[in-house]
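So you can see what is in the structure, the chains are spelled out below.
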Amino acid sequence: MKKLIFYKINNKKDINISFFNNKYLYIKNKIKENIFISYKYILKKNKYVFNIKKKSKGKKPIRLIINFIYFNYVNILINKKKIIFIIDKNLNITIKENYILKDIYNFFFNFFNIVIIIKDKSKVFYLKYKNFTINNINYYYIYQKKNSILFLYDVNLYENISYNKIIIYNIEKYTSNYVYGTYILNKNQKIKNKIIIHDYKNNCKNIQNYIGIYNGKSNIYLKGLIKLFSNTIKNKSYQNYKNYILSNKVKLNFKPYLNINTNNVKCSHGFNLGEIDNNIIYYLQTRKINLLKAKYLFFLSTIFINLKIKNKFNFIKKKIKKKLITIL
Amino acid sequence: MLNIKKLFCSINKTLIIKGLDLKIKEGSIHLLMGPNGTGKSTLFFTITGKPNYKINKGNIFFKKKKINGLSPYEISKLGIYLTFQNPIEIDGIKIIKYLKYLRNIKYKKIYKFCKVLRIKKEYLNRYFNLGFSGGEKKKNEILQLLILKPKLILLDEIDSGLDIDTIKIIFKIINNYLKINKKSSLLIISHNTNIINYIKPNKIHIMHNGSIISSNGVQIIKKLEKFGYNYFLKKNN
């Protein structure tokens, strides 16, 4: 089994950080052309600190994959750890969560805190996606420094019971963050998410775009809060939640909040319960596309407009397509 | 091929088509003309089974099969194809992927159709009708027509808002299509009397107030150019 797992994560191009059963840590490609990773482990707190530093000049993008590998888990049902990434200046990094599970009980709970500190002029793409039906309680704390950019893709397709808290701190000027969320849920999936953004300084840009398609008895609670502290000027914050409900038993609880304690800022927030555009469905049907496929194409287009996913996460498009077929 | 018998149709309880009769034989070309708001487009939407377009009375037969009550998908599967006056835009879906979705056709063939329509290859990588000019949208409709190979083509003002070159290209393709598929029929809506320079209809129908008031050959066009629709209205009264 170990061989198989190693084979899966052994990607020459990417940096791989792998956690085996909460005990062992393995780093593949620790040193790349223009980057190197140093790490510290604090045993008492079960805390890992990764320092991603620049070795030479150049802005080559780096892909980093965090692998969480669990197998034959019997004794411990809750897995708890804290992971801290400190990303150096002028870096372009893509971070992707990857779960490899073998023989895990349904009661298994994955609990961890991820802290990301993005230093000046760095760009981070973070994909928050669980490729298995596991239960989660995850906290993300992201600290952004001057001129840093964050793209966070919050994709929820298979999580059973999930509670996520994403807190972004814009602690310096000219930071921007874009949170693109996609929720496609059915059956008894329960998700409770909180996205909280704190703007402490001027000229920060925050954009939250969420789209959700719900069926079955799925239950969603989502709170999006953008907090603009006093003395912040020329900040821009937008929240947009678009939802489609396909069943009467779906429960939605959305709370878009803007907490503005200052003047001279641009802010807006909105929540939509959308209907299927019958003109598009009719148009597609007149082209020999049946109702189910027409709906599928309609939702696919609305998701892809919203998600604005980069080429590096193309695999997620396939996952979304797969899930969408099961939900309609 | 298409046989409409005393059709009454309404949208939101407003009666629009009032006792319309129309017969289209295999391999024939029909032109439907009439003032604005007489129900020409409504007739097309009714034939293709658009929801909310209620048939109050009468029947539509396609190849001796009754098609009222069928879904747009079932009707299109029988071989009826409608080009829209204002084609819709679908963001997020590329044309090339959409075309592959319509029919499992080889890329080579799609490129061949593009060449005929004078469309660049890059056009196929754009999102469906998004930011397209009127001509590009209409060309996209014809491209889908070539891929789907329908038996009855309904063209809803295909020539409106197009330059002469594009009109020529489109009608050249349609004429070729009808030559190859001899059993296919065509029904066009147009406000342009010059259309007879590009296509030769077997019959021209004048529609007014939800029904056909006059049907004849090409000679109708000359009277129409001379006296306008009033001539036919007076004659009908």
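Coordinates for the structure precede this section.
If you're wondering where the values come from, they're calculated on a predicted model, not measured in any experiment.

*Asks:* Looking at this structure, how should I read unusual backbone geometry?
*Replies:* Glycine aside, residues mostly have negative phi, and peptide bonds are mostly found in the trans state. For Asn 231 of chain A, which is not a glycine, the phi torsion comes out positive at approximately 70°. In this model, Lys 6 of chain B sits at a positive phi of 40°, which is unusual for a non-glycine residue. Residue position: Lys 6 of chain B is located in strand 1 (residues 2-11). With a relative accessible area of 57%, Lys 6 of chain B lands in the exposed category.

*Asks:* I'm lost on the sheet that holds strand 11 (residues 203-208) of chain B in this one. Help?
*Replies:* Strand pairing in a sheet is mediated by backbone hydrogen bonds. Such pairs are either parallel or antiparallel. Residue and element names in this part refer to chain B. Overall, mixed pairing links the six strands, which are arranged 6-9-10-3-11-12 in an open sheet. One side of each edge strand has no neighbouring strand; the edge strands of this open sheet are strand 6 (80-83) and strand 12 (211-216). Taken pair by pair, the neighbouring strands of this sheet meet at an average axis angle of 20°, ignoring direction.

*Asks:* Would you explain the environment of Tyr 24 of chain A in this entry?
*Replies:* All names here are of chain A. Mapping Tyr 24 onto the fold places it in strand 2 (residues 24-28). For the pair Tyr 24 and Lys 321, spaced 297 residues apart in the sequence, the C-alpha separation amounts to 35 Å. Excluding anything up to four places from it in sequence, Tyr 24 contacts Ser 18 and Phe 19.

*Asks:* Hey, could you run me through the packing of aromatic side chains in this one?
*Replies:* Tallying each qualifying case throughout the model produces 38 aromatic pairs over all chains. Aromatic pair Tyr 123 of chain B and Phe 132 of chain B: ring centres 5.0 Å apart, planes at 35°, arrangement tilted. For the pair shown, Tyr 123 of chain B and Phe 132 of chain B are each scored as buried. Among the aromatic residues, ring-to-ring pairing joins Phe 19, Tyr 48, Phe 50, Phe 68, Phe 85, Tyr 99 and Phe 112 of chain A into one connected group. Over the aromatic face of Phe 8 of chain B sits the side chain of Lys 57 of chain B, whose NZ or CZ is 5.7 Å from the ring centroid.

*Asks:* Explanation requested: the packing of helix 2 (residues 278-285) of chain A against helix 3 (residues 291-307) of chain A in the structure shown.
*Replies:* A pair of packed helices is characterised by two quantities: the angle between their axes and the separation of those axes. All names here are of chain A. Closest axis-to-axis distance for the helix 2/helix 3 pair is 9 Å, and the angle between their directions is 130°. The angle between helix 2 and helix 3 falls in the class oblique. Relative to helix 3, the crossing made by helix 2 is right-handed. Each of Ile 280, Ile 281, Leu 284 and Gln 285 in helix 2 lies in contact with helix 3, whose residues at this interface are Leu 291, Ala 294, Lys 295, Leu 297 and Phe 298.

*Asks:* Could you clarify how one ought to interpret the side chain of His 30 of chain B in this entry?
*Replies:* By the secondary structure assignment, His 30 of chain B is in strand 3 (residues 29-33). Beyond its immediate chain neighbours, meaning those up to four positions away, His 30 of chain B contacts Lys 23, Ile 24, Lys 25, Leu 186, Leu 187, Ile 188, Lys 203 and His 205 of chain B.

*Asks:* Explain the packing of helix 7 (residues 219-227) of chain B against helix 8 (residues 229-236) of chain B here, please?
*Replies:* Residues and elements named next belong to chain B. At their nearest, the axes of helix 7 and helix 8 sit 6 Å apart, and the two run at 105° to each other. Here helix 7 lies roughly perpendicular to helix 8, going by the angle between them. Here helix 7 contributes Ile 220, Lys 223, Leu 224 and Phe 227 to the contact with helix 8, which in turn contributes Tyr 229, Asn 230, Tyr 231 and Phe 232. Taken together, the residues that form the contact of helix 7 with helix 8 break down as six nonpolar, one polar and one charged.

*Asks:* What should I look at first to understand empty space enclosed by the protein in this one?
*Replies:* Regions of empty space are outlined by a rolling probe, equal in size to a water molecule, passed over the atoms. Tallied over the entire structure, the rule returns one cavity of 30 Å³ or more. Taken as a whole, the largest cavity encloses approximately 30 Å³ of empty space. Thr 286, Arg 287 and Lys 288 of chain A together with Ser 76, Gly 79, Ile 80, Tyr 81, Leu 148 and Pro 150 of chain B together form the lining of the largest cavity. Here the residues of the lining of the largest cavity sort into four nonpolar, three polar and two charged.

*Asks:* Hey, could you run me through the pattern of salt bridges in this one?
*Replies:* Side-chain pairs of opposite charge can arise whenever the charged atoms involved come near each other. Residues and elements named next belong to chain B. Within this structure, the stated rule accounts for five salt bridges over all chains. Residues Glu 89 and Lys 137 are paired through a salt bridge, measuring 3.2 Å at the closest nitrogen-oxygen approach. Here Glu 89 is found in the loop between strand 6 and strand 7 (90-94), whereas its partner Lys 137 is found in helix 5 (residues 134-148), with 48 residues between them in sequence. Residue classification places Glu 89 among the partly exposed positions, given a relative accessible area of 39%. Look at Lys 137 and you get buried, because its relative accessible area is 17%.

*Asks:* How should the pairing of strand 5 (residues 62-71) of chain A be read in this particular structure?
*Replies:* In summary, the side chains of a regular strand alternate between the two faces of the sheet. All names here are of chain A. Buried residues dominate strand 5, accounting for nine of its ten residues. In the sheet, strand 1 (residues 15-20) pairs with strand 5 via six bridges, with the strands oriented parallel. Residue pairing across strands places Ile 17 opposite Ile 66, the latter belonging to strand 5.

*Asks:* Please clarify how the pairing of strand 10 (residues 135-144) of chain A should be interpreted in this entry.
*Replies:* Residues and elements named next belong to chain A. Burial runs high along strand 10: seven of the ten residues are buried. Direction of pairing for strand 8 (residues 109-118) relative to strand 10: parallel, over a ladder of ten bridges. Its bridge partner lying in strand 10, Ile 118 is registered against Gln 144. When strand 10 meets strand 12 (residues 161-170), the two strands line up parallel, connected through nine bridges. Its bridge partner being in strand 12, Tyr 143 is matched across the sheet by Tyr 169.

*Asks:* So what exactly am I meant to see when it comes to the interface of chain B and chain A here?
*Replies:* Note: interface size is frequently given as the accessible area lost on complex formation between the parts. Chain B puts 28 residues into the contact, and the matching count from chain A is 17 residues. Overall, the association of chain B and chain A removes approximately 2,100 Å² of surface from exposure, summing both partners, and the carbon and sulfur fraction of that is 69%. Across the chain B-chain A interface, the total number found is one salt bridge. For Arg 287 of chain A, the salt bridge identified is with Glu 141 of chain B, shortest N-O distance 2.7 Å. The tally of links between chain B and chain A comes to ten residue pairs in polar contact (both at pLDDT 80 or more). Looking at the side of chain B that touches chain A, the elements that each hand over two or more residues are helix 2 (72-78), strand 6, strand 7, helix 3 (95-102) and helix 5 of chain B. Among the residues forming the side of chain B that touches chain A, the class breakdown is 17 nonpolar, six polar and five charged.

*Asks:* I'm lost on the sheet that holds strand 4 (residues 53-62) of chain B in this one. Help?
*Replies:* Residue and element names in this part refer to chain B. Spatially, 2-1-4-5 is the arrangement adopted by the four strands of the open sheet, whose pairing is antiparallel. The sheet is open, and its two borders are formed by strand 2 (14-24) and strand 5 (65-66), each paired with just one other strand. Judged from the eight bridges that link them, strand 1 and strand 2 form a sheet pairing that is antiparallel. The partner of Ile 11 across the bridge, within strand 2, is Thr 14.

Basis of the calculations
Residues numbered from 1 in each chain as written. Chains lettered and ligands numbered in written order. Predicted model: local features only at pLDDT ≥ 70, side-chain atom pairs only at ≥ 80, totals over all residues. Heavy atoms only, no water. Helix = DSSP H or I, 4+ residues; strand = E, 2+ residues; numbered from the N terminus. Buried < 20%, exposed > 50% of the residue type's maximum accessible area, 1.4 Å probe, protein only. Pairing = 2+ DSSP bridges. Axes fitted to C-alpha atoms, helices over the stretch in contact; angles between N-to-C directions. Contact = heavy atoms within 4.5 Å. Phe/Tyr/Trp six-rings, centres within 6.5 Å; stacked < 30°, edge-to-face > 60°. Lys NZ or Arg CZ within 6 Å of the ring centre and 35° of its normal. Parallel < 35°, antiparallel > 145°, perpendicular 65-115°, else oblique. Left-handed = near helix turned anticlockwise from the far one by under 90°. Nonpolar A, V, L, I, M, F, W, Y, C, P; charged D, E, K, R; others polar. 1 Å grid on protein atoms, 1.4 Å probe; cavity = no way out; pocket = protein on both sides within 12 Å on 5 of 7 lines; lining within 4 Å. Points joined across faces, edges and corners; volume = space filled by probe spheres on them. Salt bridge = Lys/Arg side-chain N within 4 Å of Asp/Glu carboxyl O. Buried area = accessible area lost by both parts, 1.4 Å probe. Polar contact = N/O pair within 3.5 Å; in protein donor to acceptor, adjacent residues only side chain to side chain.

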